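As a plain string of letters, each chain reads:
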Amino acid sequence: MSSLEEILTSAEKLLHPYALNFNRPEANRLDVYLARENLLPAVKAMVDARWGYLSTITGVDRPASAGEEGQPAEQGEIEVLYSFCAGAAIVTLRVRVPYTDAVLPSICPLIPSATLGERELMEMFGVKVEGTPDTSRLILADSWPEGVYPLRKSFVPAARFSGKAEGG
Amino acid sequence: MGLEVSKPWQQVLDKIRTWARVNSPWAIHFNSGSCNGCDIEILATLTPRYDVERFGIKLQGSPRHADVLICTGPVSLQAKDRLLRIYWQMPEPKFVIAVGSCGLSGGVFHGCYNIVHGIDEVLPVDVFVPGCPPRPEGIIYGVAVLLEALKSGKRPERTMTVEVPAELGVPKVEVSQ
Amino acid sequence: MTFEQHGENRFIVPIGPQHPALKEPGHFEFVVDGEIVTGASVRLGYVHRGIEKGAEDRTWTQNLYLMERICGICSHIHATAFVQGVEKLAGVEAPPRARAIREIFAELERIHSHMLWLGVAAHEGGFDALFMYSWRDREVVMDMLEMLSGNRVHYSANLIGGVKYDVTPDMMDKIRDGLNYLEERLVHYLDVVNNDETFIGRTRGIGTMTREQAQLLGAVGPTARASNFAYDVRVDAPYAAYTEFPVEMVVAEEGDLHARFVVRILETMESIRVLRRIFDNMPESELVTRVPRRIPAGETISRVEAPRGELFYFISSGGGEKPERVKVRTPSLCNWGTVITLAVGHKLADMPMILAGIDPCFSCNDRLVMVKRNHHDPQLWTWADLRNYGIEYYR
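Residues numbered from 1 in each chain as written. Chains lettered and ligands numbered in written order. Predicted model: local features only at pLDDT ≥ 70, side-chain atom pairs only at ≥ 80, totals over all residues.

### Notes on the overall build of chain C
Then, in step 1: Helix and strand content of chain C: 15 helices and eight strands.
Then, in step 2: For chain C, with 395 residues in total, the buried portion stands at 56%.
Then, in step 3: Restricting the contact set of chain C to residue pairs at least 6 apart, pairs at least 24 apart contribute 70%. (Helix = DSSP H or I, 4+ residues; strand = E, 2+ residues; numbered from the N terminus. Buried ≥ 20, exposed ≤ 12 C-beta atoms within 10 Å, placed from the backbone. Contact = placed C-beta atoms within 7 Å.)

What follows is the structure in structure tokens.
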């Protein structure tokens, strides 16, 4: 069994042609920043090399004007994280798309189980995933309004939790 | 049934009905979005240590056979319609027991966007069993309180009525002579 | 109504969200041709509460209790994954004794979860005697957990920076006694699962998944290990006290339902063994370290092995009192893909067993949902159709 360092280095080598930037936030993690058009080739490189498995797809909302709660941010980006795990090593492919053009290619042709994560992205963040096998309503209730994306920072639940922080 | 009986007979029949209902209530269980904690405790009441069947209580799969709806969870938006549908399908008289803190008020999930914060927002609840989750003894006690109320002939007070939509109501079957 | 008028003899059998065979709400549609299932789909979301959003409104400590209530069966492991991530962000490490106590709770929880599953899965197979017996014995574990924490289901053992409860030598002795009894019972259950003819008839060769399929479909936990896909976070990336008190991975080759029973029972026995090792070599230390109220900005990933498989937390802090984003990926979600694929070709009567075989936990994965629909338009009975049919039939 190769060491953690070797596993991560092998991933770095695989992804070198596509990456904008590399980062090592923790000993067992490698963050790879990608441009949108390099997402598919990068995932393909990982799958072809049989590097670990896709653990999850995470969306993170990054509004441009942070702060000002309750004020819908007009501009901002959605960052999408594709986390691959192999043993203790985690490689995260990070792609950013702006609100105005929140479109990503589907990686389902390469990794069928990615469909869950991609649907979550569509419903919770309003990212359009092109080519994903199913686009019907999935997570949210049938009565949920169209075009409201609960995990965006601009969405504020009607009955908001107001518990005071303990310790004052 | 539309059976016409004289008054004394009616009283006897009512007594028999109450006796039967108190001694063998059939319950249906529905999870409307809870964390499963209450549900495994409800299931635990069936198993040998707690064994509610000794009280004649039976967990029943079909709402059409059930007297008591034991419901858990803060009622997610998606489960709300199904919960109402189960309630409509139950024959009268029917009773609802809300189990767990989140079934009472939303509990720890207060402020989450996809819930309606409590079963009593949707259905008329007869007995509330607090706890996160309540112990099996607590759930059994909740049922016992309901049965006690039934025994004395008192119906728990209803503060709300649930309208059954016309298309789901009692079908009008024309009986040919 | 005749079957012929629809050309193909395919029907959809809807199961759920409320159904006698399901203890939790989920909606399944099985396309059947006679008795054989030719397609399957699932619609969840009945238990979706919006916890990930709710987490952004709560402080780090409040979130601990919210995360615990993602799932009532594996509540401790959710809280463990969360606190470990937060501790990593804060740059602190829980003291050795606290980490050992976390492992004690986690393994006790695994025993309770696997015994619960054994009962439920047997119940789905119509073997109610095993259901009652395993749940009776499960009460022994529940008593241990209650003794340790004061609650049967949500133990709240974790704090950010440590644990709340100590395990005294007195408690350890009581737990040891309980474990001896449980081990004896588990040997018996293993014997039942391996030798009871009717039970084998319902499990052997049913829902078989090869190692390649498991890998492709993204199976995790005992479901994957029963298909010889050797992967366990406790072994591959040890957390808590798993470096000091390691567990051995249990794998099976067959990949069928029977293998999943065997793997889970053997895993329970392994948990008992590791618990004994911890009790014999319990480290001495404080229970909690100090953690600042504001967690430094940063991102981390925390992975643990829940009873059902790998649990994945992504935690992002903006440097404040509340997290910026918490993403939870639960093991049940990964395993749904396997059910949908495995169902095809089996008898309808085997469906509850196959569903139960992955030990699905709806409340875990219903913060998310998946649907796999076959778009080749078989005749679908709506509720209204079924109702009318029923009225017509009984007229």
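There's plenty left to go through after this.
### Some words on the overall build of chain B
Then, in step 1: When helices and strands are counted, chain B shows five helices and five strands.
Then, in step 2: Helices (α) and strands (β) of chain B occur, in sequence order from the N terminus, as α-β-α-β-β-α-β-α-β-α.
Then, in step 3: A buried classification covers 45% of the 177 residues belonging to chain B.
Then, in step 4: Contacts spanning at least 24 positions in sequence make up 80% of the contacts within chain B whose residues lie at least 6 apart.

### Remarks on unusual backbone geometry
Glycine aside, residues mostly have negative phi angles, and peptide bonds mostly take the trans form.
Then, in step 1: Looking along the chain, the bond that leaves cysteine 132 of chain B and enters proline 133 of chain B is cis, with omega of -10 degrees.
Then, in step 2: Residue serine 156 of chain C is not a glycine yet carries a positive backbone phi of 50 degrees.
Then, in step 3: Mapping serine 156 of chain C onto the fold places it in the loop between helix H5 (128-149) and strand E4 (158-159).
Then, in step 4: For serine 156 of chain C, a count of 18 C-beta atoms within 10 Å puts it in the partly exposed group.

### Some points on helix H3 (residues 77-89) of chain B
Then, in step 1: Considered for burial, the residues of H3 of chain B that qualify are Leu77, Gln78, Ala79, Lys80, Leu83, Ile86 and Tyr87 of chain B.
Then, in step 2: On the buried face of H3 of chain B, the contacting elements are strand E1 (26-31) and strand E3 (68-72) of chain B.

### So, the sheet that holds strand E2 (residues 58-59) of chain B
Residues and elements named next belong to chain B.
Then, in step 1: Read from one edge of the open sheet, five strands run E2-E1-E3-E4-E5, paired in parallel fashion. Edge positions in the sheet fall to E2 and strand E5 (127-129), since each of these pairs with one other strand and no more.
Then, in step 2: For E1 and E3, the ladder comprises five bridges, and the chain directions are parallel. From the neighbouring strand, alanine 27 faces E3, where its bridge partner is valine 68.
Then, in step 3: Set on the sheet, helix H2 (residues 37-44) makes contact with E1, E3 and strand E4 (95-99); between it and E3 the angle comes to about 140 degrees. (Pairing = 2+ DSSP bridges. Axes fitted to C-alpha atoms, helices over the stretch in contact; angles between N-to-C directions.)

### Structural notes on the interface of chain B and chain C
By a widely used convention, the size of an interface equals the accessible area lost when the partners come together.
Then, in step 1: Taken together, the contacts link 34 residues of chain B with 36 residues of chain C.
Then, in step 2: Ranked by the residues each element gives to the side of chain B that touches chain C, the list is headed by H2 of chain B, at six residues.
Then, in step 3: Along the lines of polarity and charge, the residues of the side of chain B that touches chain C split into 18 nonpolar, 11 polar and five charged. (Nonpolar A, V, L, I, M, F, W, Y, C, P; charged D, E, K, R; others polar.)

### A few points about the sheet that holds strand E7 (residues 309-317) of chain C
All names here are of chain C.
Then, in step 1: Pairing within the open sheet is antiparallel, and its three strands lie in the order E6-E7-E8. Either end of the sheet is taken by a strand with one partner, and the two such strands are strand E6 (298-306) and strand E8 (323-329). With direction set aside, neighbouring strand axes in the sheet form an average angle of 15 degrees.
Then, in step 2: In this structure, E7 lies alongside E8, joined through six bridges in antiparallel fashion. Bridge pairing in E8 places isoleucine 315 opposite valine 326.

### Structural notes on helix H3 (residues 75-90) of chain C
Then, in step 1: Taking 1.5 Å of rise per residue, the 16 residues of H3 of chain C would be expected to cover 22 Å, and the 23 Å separating its terminal C-alpha atoms lies within 8% of that figure.
Then, in step 2: Counting buried positions along H3 of chain C yields 15 of 16 residues, so the element is predominantly enclosed. (Expected span 1.5 Å × (residues − 1).)

### Remarks on the domain arrangement of chain C
All names here are of chain C.
Then, in step 1: As assigned here, chain C comprises domain 1 (4-47 + 334-394) and domain 2 (51-310).
Then, in step 2: Counting residues at the interface gives 21 residues for domain 1 and 24 residues for domain 2.
Then, in step 3: Classifying every residue of the side of domain 1 that touches domain 2 by side-chain character gives 10 nonpolar, seven polar and four charged. (Domains from an automatic or database assignment.)

### Structural notes on the confidence of the model for chain B
Then, in step 1: Scored by pLDDT, chain B comes out at a mean of 81, with 83% of its residues at no less than 70.
Then, in step 2: Ignoring residues within four places in sequence, the model shows residues 170-177 of chain B, a span with pLDDT below 50, making three contacts including any to other chains. (pLDDT = per-residue confidence, 0-100.)

### Notes on the nonpolar core
Then, in step 1: Counting 203 residues, the largest nonpolar core has Leu69, Ile97 and Ala98 of chain B together with Tyr313 of chain C as its most contacted members.
Then, in step 2: A per-element tally of this core places helix H4 (residues 96-124) of chain C first, with 15 residues.
Then, in step 3: Ignoring sequence-local partners within four residues, the contact set of tyrosine 313 of chain C consists of Ala81, Phe82, Gly85, Ile301, Ser302, Val326 and Val328 of chain C. (Core = buried A, V, L, I, M, F, W, Y, C linked by C-beta atoms within 7 Å.)

### Considering the packing of helix H2 (residues 60-68) of chain C against H3 of chain C
All names here are of chain C.
Then, in step 1: Interaxial distance between H2 and H3 falls to 7 Å at its minimum, and their mutual angle equals 150 degrees. The orientation of H2 relative to H3 falls into the category roughly antiparallel. The element H2 and its partner H3 pack so that their crossing is right-handed. Across the interface between the two elements, Trp60, Asn63, Leu64, Met67 and Glu68 from H2 touch Ser75, His78, Ala79, Phe82, Val83 and Val86 from H3. (Parallel < 35°, antiparallel > 145°, perpendicular 65-115°, else oblique. Left-handed = near helix turned anticlockwise from the far one by under 90°.)

### Let's talk about the interface of chain A and chain C
Then, in step 1: Each partner contributes residues to the interface: chain A has 34 residues there, and chain C has 35 residues.
Then, in step 2: Secondary structure elements with two or more residues in the side of chain A that touches chain C: strand E3 (53-63) and helix H3 (115-125) of chain A.
Then, in step 3: Ranked by the residues each element gives to the side of chain A that touches chain C, the list is headed by E3 of chain A, at six residues.
Then, in step 4: Tallied by class, residues from the side of chain A that touches chain C come to 17 nonpolar, 10 polar and seven charged.

### A word on the environment of tryptophan 117 of chain C
Residues and elements named next belong to chain C.
Then, in step 1: Residue placement: tryptophan 117 occurs in helix H4.
Then, in step 2: Tryptophan 117 sits in the buried class, given 25 other C-beta atoms within 10 Å.
Then, in step 3: Placed 18 residues apart in sequence, tryptophan 117 and tryptophan 135 show a C-alpha to C-alpha distance of 9.3 Å.

### Remarks on the pairing of E3 of chain A
Residue and element names in this part refer to chain A.
Then, in step 1: Taking burial as the measure, the 11 residues of E3 include nine buried ones, the bulk of the element.
Then, in step 2: In this sheet, strand E4 (residues 76-86) lies alongside E3 in antiparallel orientation, the contact comprising 10 bridges. When the sheet's bridge partners are listed, arginine 62 is paired in E4 with glutamate 77.

### Re the packing of H4 of chain C against H5 of chain C
Residues and elements named next belong to chain C.
Then, in step 1: Between H4 and H5, whose axes approach to 8 Å, the crossing angle comes to 165 degrees. As summarised for this structure, H4 and H5 are arranged roughly antiparallel, according to the angle between their axes. Handedness of the crossing formed by H4 with H5: left-handed. Contact residues: H4 offers Leu108, Ile111, His112, Met115, Leu116, Leu118, Gly119, Ala122 and His123, while H5 offers Asp128, Leu130, Phe131, Ser134, Trp135, Asp137, Arg138, Val141, Met142, Met144 and Leu145.

### What to know about the environment of leucine 30 of chain A
Residues and elements named next belong to chain A.
Then, in step 1: Following the sequence through the fold, leucine 30 ends up in strand E2 (residues 29-34).
Then, in step 2: By the C-beta count within 10 Å, which is 22 here, leucine 30 ends up buried.
Then, in step 3: The spatial distance from the C-alpha of leucine 30 to the C-alpha of phenylalanine 84 is 9.9 Å, given a sequence separation of 54 residues.
Then, in step 4: Excluding residues within four positions of it along the chain, leucine 30 makes contact with Leu8, Ala11, Glu12, Phe22, Arg24 and Val91.

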